[in-house]
Amino acid sequence: MDPNSRRDRFAMAVNDEFLIRYAERCFGIDDVIYGYYVDGVLRAAGELRAVGNKIIGGSVEAAFSVEAPWRRRGVGTELMSRIVRAARNRRADALYMSCLASNTAMQGLARKFTADLRFETDDMTGKLVARGPSPASVWGEYADNATSFATAMLDLQTRVFSLQPRA
């Protein structure tokens, strides 16, 4: 992530060590993380985390990061749609998003999902009230996750076999 992207994502300047420590804590049992990969390289990520100590039935927070060359291509919208569905399927009572007041791209993304935005000092907080899960939303999340996993495994297999020497 470039310095401006880091500031937009974390609302402060952060170094590589901070990013490594943050990434190491991203895989808790209650964390939901979606990634956008291009040629095996992570180009964007969306996170859903509990605000308190429970992700099922409590308040959750969404966070996003999309590398600059991949912005304005619908990547953030796709990640946000998956995050909103995941929050719904976990019966979240509210989904919060925070961003700097200067981060108009994130504010625009929140508005696409009819988030109620409010200004607080130098950052914006968006709140979406999640609807309850439906059989279609649960099935859709399951199908998307299963398809994405299968695609990743086929991609991995292709990469591994392409490294094998040919006889």
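The coordinates are above.
Because the structure is predicted, anything quoted here is derived from the model rather than measured.

1. Notes on the pattern of salt bridges
And then number 1: In this structure the tally under the stated criterion is 5 salt bridges.
And then number 2: The salt bridge involving Arg43 is made with Glu67; its shortest N-O contact spans 2.8 Å. Linking Arg43 in strand 2 (residues 41–50) with Glu67 in the loop between strand 3 (59–66) and helix 3 (75–89), this pair joins segments that are 24 residues apart in sequence.
And then number 3: Judged by its relative accessible area of 24%, Arg43 is partly exposed.

2. Describing the nonpolar core
And then number 1: Residues Leu48, Val60, Phe64, Ile83, Leu95 and Met97 are the most contacted members of the largest nonpolar core, which totals 25 residues.
And then number 2: The set of elements that each furnish at least two residues to this core consists of strand 1 (32–38), strand 2, strand 3, helix 3, strand 4 (94–100) and helix 4 (104–112).
And then number 3: Examining the composition of this core, we find that 6 residues originate from one element, helix 3, more than from any other.
And then number 4: Those residues in contact with Val60 that sit more than four places away from it in its chain are Leu48, Arg49, Ala50, Val51, Ile55, Ala87, Ala92, Ala94, Leu95 and Tyr96.
And then number 5: Counting 6 residues, the second-largest nonpolar core is a separate cluster that includes Phe10, Leu19, Tyr22 and Cys26.

3. Structural notes on unusual backbone geometry
And then number 1: Positive phi is not limited to glycine here, since Arg72 has a value of about 65°.
And then number 2: The topology assignment puts Arg72 in the loop between strand 3 and helix 3.
And then number 3: Its relative accessible area of 77% is what places Arg72 among the exposed residues.
And then number 4: The phi angle at Arg91 is positive, at roughly 55°, despite the residue not being glycine.
And then number 5: In this fold, Arg91 is placed in the loop between helix 3 and strand 4.

Conventions adopted
- Residues numbered from 1 in each chain as written.
- Predicted model: local features only at pLDDT ≥ 70, side-chain atom pairs only at ≥ 80, totals over all residues.
- Heavy atoms only, no water.
- Salt bridge = Lys/Arg side-chain N within 4 Å of Asp/Glu carboxyl O.
- Helix = DSSP H or I, 4+ residues; strand = E, 2+ residues; numbered from the N terminus.
- Buried < 20%, exposed > 50% of the residue type's maximum accessible area, 1.4 Å probe, protein only.
- Core = buried A, V, L, I, M, F, W, Y, C linked by side-chain atoms within 4.5 Å.
- Contact = heavy atoms within 4.5 Å.

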